[in-house]
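A closer look at the structure
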Amino acid sequence: MKKTFLSSVLVAIFLLTSCGKSENSSSSKDIKNSKSVFAMDTYITVTAYGEDTDKALKAAEDKITSLEKLWSVTDENSEIYAVNHSGGQTVGVSPETADLLDFALDMHNRTNGAFDISLYPVLTAWGFTTDEYRVPSDDEITALLENTGVDKINLDSQYVTIPADMQIDLGAVGKGYAGDLVAEELKSNGVKSALIDLGGNIQTVGTKPDGEKWKVGIRNPFGEGNFATLEIGECAVVTSGGYERYFVEDGVTYWHILDPKTGKPADSGIASVSVIGSEGRTCDALSTSLFVMGLDKSAELWKNSDDFEMIIVTSDGEIYITEGIADDFELSSNFAEPKVSVIGR
Ligand code: ADP
Ligand code: MG
């Protein structure tokens, strides 16, 4: 398995077709209702089980649409757009945006700077925000990095101030938090069993309608299909990988997750990392961060934490999983080859 096989993969995790099927098809629990929305640059599908879920699904859809309106970097009416075009002035934001910003700043500290929401101008220079890909010169990157740095962001309750030449983007954490808020919305509308698929980020409510665990596939970062399955209860599973958005120039692959220290695609030896935990926003922020940090630092962070488990596939095709999910993890039959190492405390 080599990086050259990175080509045809789009989505990190697919729900296996077995999910949600139940033995007793006549039961009201088996009634399944889905809604798909294109938002946050991805197809989001919410599937709820049980009777009378129409209202809950409509509420979920409205929630997704409203969050996208707050956090879009390109929508001129979004709160993030207002912050990015404030010319250094203080901007008032909604509680959801303030919460997410506060969380993103915490994550920066927790990951020793690997998680950085101020990289937007650098991502633009690489063409990742426009799909007009190019390799910027070292001088250009150095100049752009002068204006990054999460410590220059000031968040005072619901008021945000960033320097005039800084731009922020919540792309690495927004879908995760949206998953949390949509799950909450479904629960408050009486839903006991649901699965939210945010373009590969999975978030569940309860168990499958028959009381069994959900079974999700973990995407092979080197080619088609899943290399493993994971059984989960109510939680989030979020994967980041270099294969999700990338371009190749002169035989070198450049992907969309940057190392804030270099302003270049993170090259830590990880092909993909999946993070499993009760909070979607934590899993999302960490999946991006661990991809930057590499295996050893990720293992160290895991040992000092109690809110996530992880599956790391290295660029050499080795698989590392943490002990908390070892019993629920199974390699797919066509992937019996790779060695799986369990990381313990
Ligand atoms: P995806 O959203 O593609 O599923 P991620 O959650 O890993 O994957 O987020 C990647 C996005 O995060 C990039 O497209 C970019 O907007 C932003 N980003 C890139 N590098 C970083 C970083 N080091 N810290 C925070 N955000 C980043
Ligand atoms: Mg992420």
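Reference entry: report on the structure contained in this document.

Thresholds applied
- Residues numbered from 1 in each chain as written.
- Chains lettered and ligands numbered in written order.
- Predicted model: local features only at pLDDT ≥ 70, side-chain atom pairs only at ≥ 80, totals over all residues.
- Heavy atoms only, no water.
- Near = heavy atom within 4 Å.
- Polar contact = N/O pair within 3.5 Å; in protein donor to acceptor, adjacent residues only side chain to side chain.
- Areas by Shrake-Rupley, 256 points an atom, 1.4 Å probe, with all protein chains shown as cover.
- Helix = DSSP H or I, 4+ residues; strand = E, 2+ residues; numbered from the N terminus.
- Nonpolar A, V, L, I, M, F, W, Y, C, P; charged D, E, K, R; others polar.
- 1 Å grid on protein atoms, 1.4 Å probe; cavity = no way out; pocket = protein on both sides within 12 Å on 5 of 7 lines; lining within 4 Å.
- Points joined across faces, edges and corners; volume = space filled by probe spheres on them.
- Contact = heavy atoms within 4.5 Å.
- Donors = N, O, S within 2.8 Å, 3.2 Å for Na, K, Ca; no water.
- Expected span 1.5 Å × (residues − 1).
- Buried < 20%, exposed > 50% of the residue type's maximum accessible area, 1.4 Å probe, protein only.
- Pairing = 2+ DSSP bridges.
- Axes fitted to C-alpha atoms, helices over the stretch in contact; angles between N-to-C directions.
- Core = buried A, V, L, I, M, F, W, Y, C linked by side-chain atoms within 4.5 Å.
- Disulfide = S-S within 2.5 Å.

Not every one of the 18 residues close to ligand 1 is listed here, only the nearest: Asp116, Ser240, Glu244, Leu258 and Thr288. Alanine 114 is positioned such that a nitrogen or oxygen atom in its backbone is 3.0 Å from a nitrogen atom of ligand 1. Here aspartate 116 contributes a backbone N or O atom positioned 3.0 Å from a nitrogen atom of ligand 1. When ligand 1 sits alone it has 570 Å² of accessible area, and the protein chains cover 89% of it. Looking at the shell around ligand 1 element by element, the count peaks at three residues for helix H7 (residues 280-293). Residues of the shell around ligand 1, tallied by class, amount to nine nonpolar, four polar and five charged.

In this section: the layout of surface pockets. Of the pockets and cavities examined, the second largest pocket occupies roughly 270 Å³. In this structure, the second largest pocket is lined by 13 residues; those nearest its centre are Thr111, Asn112, Lys261, Met293 and Lys297. If you list the elements that add at least two residues to the lining of the second largest pocket, you get H7 and helix H8 (295-303). For the lining of the second largest pocket, the residue count by class is five nonpolar, three polar and five charged.

Considering the arrangement of structural elements, one finds serine 287 in helix H7. Ignoring sequence-local partners within four residues, the contact set of serine 287 consists of Val238, Thr239, Ser240, Val273 and Val275.

With distances of 2.1 to 2.5 Å, the protein atoms coordinating the magnesium ion (ligand 2) are Ala172 (O), Asp284 (O), Asp284 (OD) and Thr288 (OG1). Within one chain, the residues serving as donors to the magnesium ion (ligand 2) are arranged as A-x111-D-x3-T. With aspartate 284 and threonine 288 both in helix H7, this residue pair falls four residues apart, about one helical turn.

Moving on: H7. Compared with the 20 Å implied by 1.5 Å per residue over 14 residues, the 20 Å span of H7 between its first and last C-alpha is a close match. Burial runs high along H7: 14 of the 14 residues are buried. Looking one or two residues past H7, glycine 294 carries a phi angle of roughly 90°, positive in sign.

Here we take up the sheet that holds strand E10 (residues 236-241). Sheet architecture is open: nine strands sit in the order E1-E2-E6-E7-E10-E15-E16-E17-E19, paired in mixed fashion. Looking at the sheet topology across the chains shown, the edges are occupied by strand E1 (32-39) and strand E19 (340-343). Within the sheet, the average angular offset between the axes of one strand and its neighbour, ignoring direction, is 15°. Of the pairings in the sheet, the one linking E10 to strand E15 (residues 270-277) comprises six bridges and is antiparallel in character. Looking at E15, one finds that valine 238 is bridged to valine 275. Against the sheet, helix H1 (residues 54-71) touches E1 and strand E2 (42-49), its axis set at about 15° to E1. The strands that H8 touches are E15, strand E16 (309-314), strand E17 (319-322) and E19; relative to E16, the one it contacts most, it runs at about 170°.

Glancing now at the sheet that holds strand E8 (residues 214-219). Spatially, E8-E9-E18 is the arrangement adopted by the three strands of the open sheet, whose pairing is antiparallel. Since the sheet does not close on itself, it has two edges, and those belong to E8 and strand E18 (329-331), each with one partner. On average, each strand axis in the sheet is tilted by 25° relative to the strand beside it, whichever way the strands run. The pairing of E8 with strand E9 (residues 226-232) spans six bridges and is antiparallel. Of the residues in E9, the one forming a bridge with tryptophan 214 is isoleucine 232.

This brings us to the environment of threonine 65. Summarising the element assignment, threonine 65 is placed in helix H1. C-alpha of threonine 65 to C-alpha of tyrosine 49: the two residues are 16 residues apart in sequence and 22 Å apart in space.

A word on unusual backbone geometry. You will see that aspartate 52, though not glycine, has its phi angle at about 55°, which is positive. Assignment of secondary structure puts aspartate 52 in the loop between E2 and H1. With phi around 70°, aspartate 131 is a residue other than glycine that occupies positive phi space. One can find aspartate 131 in the loop between helix H4 (120-125) and helix H5 (138-145).

This part takes up the nonpolar core. Counting 70 residues, the largest nonpolar core has Trp71 and Leu186 as the members making the most contacts within it. Among all residues touching tryptophan 71, those that are not within four sequence positions of it are Met40, Ser78, Ile80, Glu96, Thr97, Leu100, Leu170, Gly174, Tyr177, Ala178 and Leu181. The next biggest cluster of nonpolar side chains, apart from the first, holds 22 residues, and it includes Phe222, Ala271, Ile319 and Phe329.

Applying the stated criterion to the full structure yields zero disulfides. With no disulfide of its own, cysteine 235 lies closest to cysteine 283 among cysteine sulfurs, the gap being 7.2 Å. The exposure class of cysteine 283 is buried, given its relative accessible area of 0%.

Of note, tryptophan 302 is situated in helix H8. Along the sequence, tryptophan 302 and glutamate 318 sit 16 residues apart, while their C-alpha atoms lie 18 Å from each other. Those residues in contact with tryptophan 302, other than ones at most four positions away along the chain, are Phe308, Glu309, Met310, Thr322, Glu323, Ile343, Gly344 and Arg345. Within polar-contact distance, the side chain of tryptophan 302 engages the backbone oxygen of phenylalanine 308 at 3.2 Å.

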